[in-house]
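Inside the fold
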Amino acid sequence: MKQVIEAHEAAYNTKPDIVVSAPSHMHLIGEHSWFFKDKTLSMAVNVPVYIALSFRSDGALHFYFAQQKDRKHATLSALKFRKEDRWSNALKAIAYGFTSGGFALRGMDMTVYSDMPPSLGFGITTAMKVGAAYAIREATSLSCSDAQLLQVIERGNKLFLKTQNFLAANYTALYAKSRHVMVTDYATGAHEAVPFDFPGKKILLTDARVQRVTVWNEGELHQPEHVLLMGDLKEHKRNVWGGWVYEDNPNEINEVLGGVSEIMRHRLQCIMREHKYVLDAVGALKKHEFGGFARAVNASHKNMRDDYDLSCPEVDWILKRLSMINPNLNDMRNPYSCGRITGKGFGRCAYTILNEDDMPLFKEKLSEYERIFGFHPHCYEIEPADGAHVVC
């Protein structure tokens, strides 16, 4: 906290009027099924982005990223997306989201403080946007409800940045709770914080440091006709979260998807399985059953690896070694650990959840990984964190 305030003072010769913390996040299961109005299970993590803000007497916007020692400028009257402005476009998008919605803003000096660069992914850019929106609302005492704040972010994403607006990311950054994970239903816009409280378990986020490679274009899957076909396979079911499941009869699935190519059929079925794994994981978490949750996570990684062509040999190697550490030989259906690929792009990062006593052996495996593949992995110990809040 002290470093954030000092960075803002050094940049602008004034103390911030407010400092807000917003969490980064990772998606546990289901991040590739948003287009089909499915569900995503996410976790806010204790790698925060701080936004320090002070007001100006003019209409200028000054941005400073402390770790990058990078400064950018804009004005409220001429907000434009500029490719060369990189990270600051996210902050300009929030200013645009407010002004385009009829909210009056003043000029601002804003400092971003984050130990993790936006290029790594994990919701750093979303945390910047949510943190900035939250800081502006709280510092100006705007009459702006949470629903309106989410609309501000959506306008910034869709109209200014020309990107998708991912509800799971926004909800997680805004509403997350410590020792909880967030499940989002894209069909209804519903979200719920689900307890994640397993004493003795540790969560590690490992960047395998391999080059990200796009092996196929997800846009090929994101077609309106595929959405209609998937809709035909949805069935109402009252006793599950969200109230529906996908058809599991192979004959019915084959009949509905018979007109698409074989590779697209495999990937659509992969999306269907992801929905089931989200529901399985949520059900197990609500019963405080780690084994059931771990099964869903491990099955999801296999699904991503084998049918969605998402993983890479290096990440698969890491997760294979994880499964060999302290297996539950008495009950293979209830593993003591789990892991899955996650993060931006195809390949590179994985999260693992394991017993605290098994961490030294897992880190030994990472050293072995470095000797074999030649990449130096970065490993972060993380835990579920709270959503955006004022810290000063």
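Preceding this section is the structure that the text describes.
Computed from a prediction, not measured in an experiment: that's the story for all the values here.

**Section: the sheet that holds strand β8 (residues 201–207)**
Overall, antiparallel pairing links the four strands, which are arranged β11-β12-β8-β13 in an open sheet. Looking at which strands have only one partner, the edges of the open sheet turn out to be β11 (338–342) and β13 (378–382). Adjacent strand axes in the sheet meet at a mean angle of 20° when their direction is disregarded.

**Quick notes on unusual backbone geometry**
Even without glycine at this site, R209 takes up a positive phi of about 65°. Locating R209 in the fold gives a position in the loop between β8 and α6 (224–232). Phi at H288 takes a positive value of approximately 60°, unusual for a residue other than glycine. Along the polypeptide, H288 turns up in the loop between α8 (262–286) and α9 (290–306). A relative accessible area of 51% means that H288 is categorised as exposed.

**So, the environment of N217**
Structurally, N217 can be placed in the loop between β8 and α6. Its relative accessible area of 45% is what places N217 among the partly exposed residues.

**A closer look at the packing of α8 against α9**
Look at α8 against α9: their axes get within 8 Å of each other, and the N-to-C directions meet at 165°. With respect to their mutual orientation, α8 and α9 come out roughly antiparallel. In the packing of α8 onto α9, the handedness of the crossing is left-handed. Residues C270, R273, E274, Y277, D280, A281, A284 and L285 of α8 form the contact with α9, whose own contacting residues are G292, F293, A296, A299, S300, N303 and M304. Class assignment for the residues of the contact of α8 with α9 results in nine nonpolar, three polar and three charged.

**Overview of the pairing of strand β1 (residues 18–29)**
Looking along a regular strand, one sees the side chains alternate between the two faces of the sheet. Across the 12 residues that make up β1, a large majority, 12, are buried. Of the strand pairs in this sheet, β1 and strand β2 (residues 39–55) are connected by 11 bridges, and their pairing is antiparallel. Bridging from a neighbouring strand, I29 pairs with L41 of β2. When β1 meets strand β14 (residues 389–390), the two strands line up antiparallel, connected through two bridges. Bridged to V20 within β14 is V390.

Rules used throughout
Residues numbered from 1 in each chain as written. Predicted model: local features only at pLDDT ≥ 70, side-chain atom pairs only at ≥ 80, totals over all residues. Heavy atoms only, no water. Pairing = 2+ DSSP bridges. Helix = DSSP H or I, 4+ residues; strand = E, 2+ residues; numbered from the N terminus. Axes fitted to C-alpha atoms, helices over the stretch in contact; angles between N-to-C directions. Buried < 20%, exposed > 50% of the residue type's maximum accessible area, 1.4 Å probe, protein only. Parallel < 35°, antiparallel > 145°, perpendicular 65-115°, else oblique. Left-handed = near helix turned anticlockwise from the far one by under 90°. Contact = heavy atoms within 4.5 Å. Nonpolar A, V, L, I, M, F, W, Y, C, P; charged D, E, K, R; others polar.

By themselves, these observations are geometric and do not establish any function.
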